[in-house]
Amino acid sequence: MQKLRWRALVALRRLLTGAICAIALLALLSVHLRASRFSGLPGIADPRKLPAVTSPPARFSVPSVRRRSARRFSELDEDFVRQYELKNQRQGTGQSWTRELAPPHFLKPPASSAKLDGANGSSHSVKLWKPPSNRDFMPCTEPGLDYTPPRGSRGYLLVSTNGGLNQMRAGICDMVAVARIINATLVIPELDKRSFWQDTSNFSDVFDEDHFINALANDIRVIRKLPEELATAAKAVKYFKSWSGMDYYQNEIASMWDEHKVIRAAKSDSRLANNNLPPDIQKLRCRACYGALRFAPKIEAMGKMLVDRMRAHGPYIALHLRYEKDMLAFSGCTHDLSESEADELKLIRENTSHWKVKEIDPMEQRSKGYCPLTPKEVGIFLAALGYPSNTPIYIAAGEIYGGHSRMAGLRARYPMLRRKEFLASVEELQPFTNHASQMAALDYIVSVESDVFIPSYSGNMARAVEGHRRFLGHKKTISPDRKTLVRFFDKIDLRTRKEGKKLSNQIIELHKRRQGSPRKRKGPIAGTKGTDRFRSEEPFYVNPLPDCLCHRESPSLNTSQIS
């Protein structure tokens with residue numbers, strides 16, 4: 001009996017050994033077949049590579065990468081990582097967060113656009129991407145019946161712009177209107193080369209100069225440079241009064257033609273009133289901003305390509321993360337920064353002569369909503385709104401202050417962060433590198449074209465993009481209520497409040513009417529006087545309604561349709 005048991009045990013051992021060997025052989029065979037299958041694939045082209053553009057196309061088709069399967073996307077992301085590994089080996093380890101390897105989440109196939117845009121049947125998901133109703137408002141920028149072509153000009157207007165890209169854009173468009181008012185020939189404006197960014201770009205490096213001249217031919221005369229006989233002539237340099245109306249320009253400025261042939265505007269920002277101007281002047285500002293002032297062909301081509309590469313992952317958010325050194329130094333916002341970082345920002349503010357306010361209470365600034373949200377706070381905000389963790393997010397910003405460590409809180413919640421330095425290769429971006437205005441123009445294009453735009457701060461870029469998106473049909477733009485949000489965030493930090501459904505419902509309700517739906521431009525704050533009154537008005541280029549947007553049902557604007 002004992003002998004039979006021994007034989008049975010030996011047989012069972014042999015059976016188990018055979019089964020284990022068979023499983024091992026099958027596993028090895030599977031790996032071999034998989035390797036053979038992929039080794040036979042043709043080389044995968046770099047999905048970031050921008051094809052040579054001999055002449056900029058008027059329309060850009062979605063590249064074939066948009067139609068690839070989820071498996072193919074996984075291979076492309078692996079190719080991204082391999083290339084960045086090689087670059088990091090060559091360039092060393094001192095990389096900013098923009099040059100890091102893709103996190104592990106990028107190696108997974110991105111969620112399909114159907115999953116992100118709410119095609120799965122979730123009504124909340126649909127709301128996440130659905131733009132507000134435009135209430136049948138549409139652009140109406142054509143001049144009135146009595147509008148005449150430019151008459152023989154009385155002189156030449158030179159313009160020295162100031163500030164960053166979007167501050168200069170608004171100033172240029174205002175100077176187009178001023179040239180019309182004072183009957184001047186506008187010389188192509190000079191871009192600011194002395195601002196914080198120290199950009200050497202000329203007008204034609206950033207904007208399509210030929211298009212600008214031709215598009216305004218029926219409004220004003222534009223030339224590239226002064227006639228030779230006036231190049232060395234004495235010029236009247238004038239700081240135009242801020243937020244001035246028709247009377248100021250028709251009287252005080254136009255009277256200068258009696259003694260001068262050339263007037264130079266020493267600054268261009270905020271020189272024209274937001275409101276109470278003739279309809280034709282307001283419409284001209286819109287034609288200049290949204291029609292004539294087009295970016296240079298190489299910028300347009302690269303910008304559209306970046307948009308296509310973002311759309312390959314489905315609908316996306318453009319996040320203007322204004323958490324950069326210059327903004328933090330200017331605003332005096334130091335929340336969540338170290339003592340040494342706060343001291344560095346204070347020193348920058350003290351050494352920047354044209355920044356008038358030197359002593360700033362950072363806690364007071366934040367409590368009033370005057371500070372940009374931190375990357376971590378943006379992550380909490382997006383999660384409360386209901387955007388899933390696989391949402392593609394384009395970071396429209398320069399170098400984030402604090403780099404990798406500062407972005408960790410946002411990246412932990414939303415790993416699919418993209419920016420131009422990741423979507424495009426070093427070689428593709430080389431023509432724009434070291435030119436802040438050109439790099440900002442790329443961010444501007446991707447932001448205007450995004451499915452949702454969210455600014456962390458209401459600076460010049462945020463205002464310009466919001467206005468452009470309103471003009472294009474009131475595309476979804478969510479403006480965070482920073483003053484209320486920071487109170488929530490502080491309670492979370494103190495652990496007196498938790499994230500969850502209750503907080504999410506409050507934040508969603510708080511932002512129902514902050515998504516870019518049609519409304520009249522806000523006037524001055526009640527009780528303000530003088531310069532403060534004009535300063536408190538909503539800027540013209542933030543909201544061109546009612547001047548440049550009309551209700552489809554009536555040639556005259558029906559203001560009862562506007563909230």
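Bear in mind that the values here come from a model prediction, so they are computed numbers and not experimental data.

Participant: Sorry, what's going on with the state of the cysteines here?
Facilitator: A disulfide bridge is the covalent bond that connects two cysteines by way of their sulfur atoms. Per the stated rule, a full pass over the model turns up three disulfides. The partner cysteine of C140 in its disulfide is C550, sulfur to sulfur 1.8 Å. For the disulfide bridge between C140 and C550, the dihedral angle about the S-S bond is near 75°, and by the sign convention the bridge is right-handed. Note that C140 is positioned in the loop between β1 (137-139) and β2 (155-159) and C550 in strand β11 (residues 549-551), a separation of 410 residues in sequence. By relative accessible area, which is 12% here, C550 ends up buried.

Participant: Can you help me understand the pattern of salt bridges in this one?
Facilitator: Pairing is possible between side chains that carry opposite charge, provided their charged atoms lie close to one another. What the rule picks out here adds up to 27 salt bridges. Here R224 ties to E209 by a salt bridge, and the two come within 2.8 Å at their closest N and O atoms. Linking R224 in the loop between β4 (222-223) and β5 (236-238) with E209 in helix α7 (residues 209-215), this pair joins segments that are 15 residues apart in sequence. The class for E209 is buried, based on a relative accessible area of 16%. Ionic contacts of the salt-bridge type, sharing partners, join the residues E209, D210 and R224 into one network.

Participant: Just checking my understanding: could you explain the sheet that holds β2 for this structure?
Facilitator: Sheet strands associate in pairs through backbone hydrogen bonding, adopting either a parallel or an antiparallel arrangement. Strand order in the open sheet made by the five strands is β4-β3-β2-β6-β5, with parallel pairing throughout. Every other strand in the sheet has two partners, leaving β4 and β5 as the edge strands with one partner each. The sheet contact formed by β2 and strand β3 (residues 184-187) spans three bridges and is parallel. Counted as the bridge partner of G155 is A184 from β3. Packing of helix α5 (residues 165-181) onto the sheet brings it into contact with β2, β3 and β6 (262-265), and relative to β2 it is tilted by some 165°.

Participant: It is not clear to me how the sheet that holds strand β8 (residues 393-395) should be interpreted in this structure. Could you clarify?
Facilitator: Sheet architecture is open: four strands sit in the order β9-β8-β7-β10, paired in parallel fashion. Looking at which strands have only one partner, the edges of the open sheet turn out to be β9 (417-418) and β10 (452-455). For β8 and β9, the ladder comprises two bridges, and the chain directions are parallel. Within β9, the residue paired with Y394 across the bridge is R418.

Reading the values: the criteria
- Residues numbered from 1 in each chain as written.
- Predicted model: local features only at pLDDT ≥ 70, side-chain atom pairs only at ≥ 80, totals over all residues.
- Heavy atoms only, no water.
- Disulfide = S-S within 2.5 Å.
- Helix = DSSP H or I, 4+ residues; strand = E, 2+ residues; numbered from the N terminus.
- Buried < 20%, exposed > 50% of the residue type's maximum accessible area, 1.4 Å probe, protein only.
- Salt bridge = Lys/Arg side-chain N within 4 Å of Asp/Glu carboxyl O.
- Pairing = 2+ DSSP bridges.
- Contact = heavy atoms within 4.5 Å.
- Axes fitted to C-alpha atoms, helices over the stretch in contact; angles between N-to-C directions.

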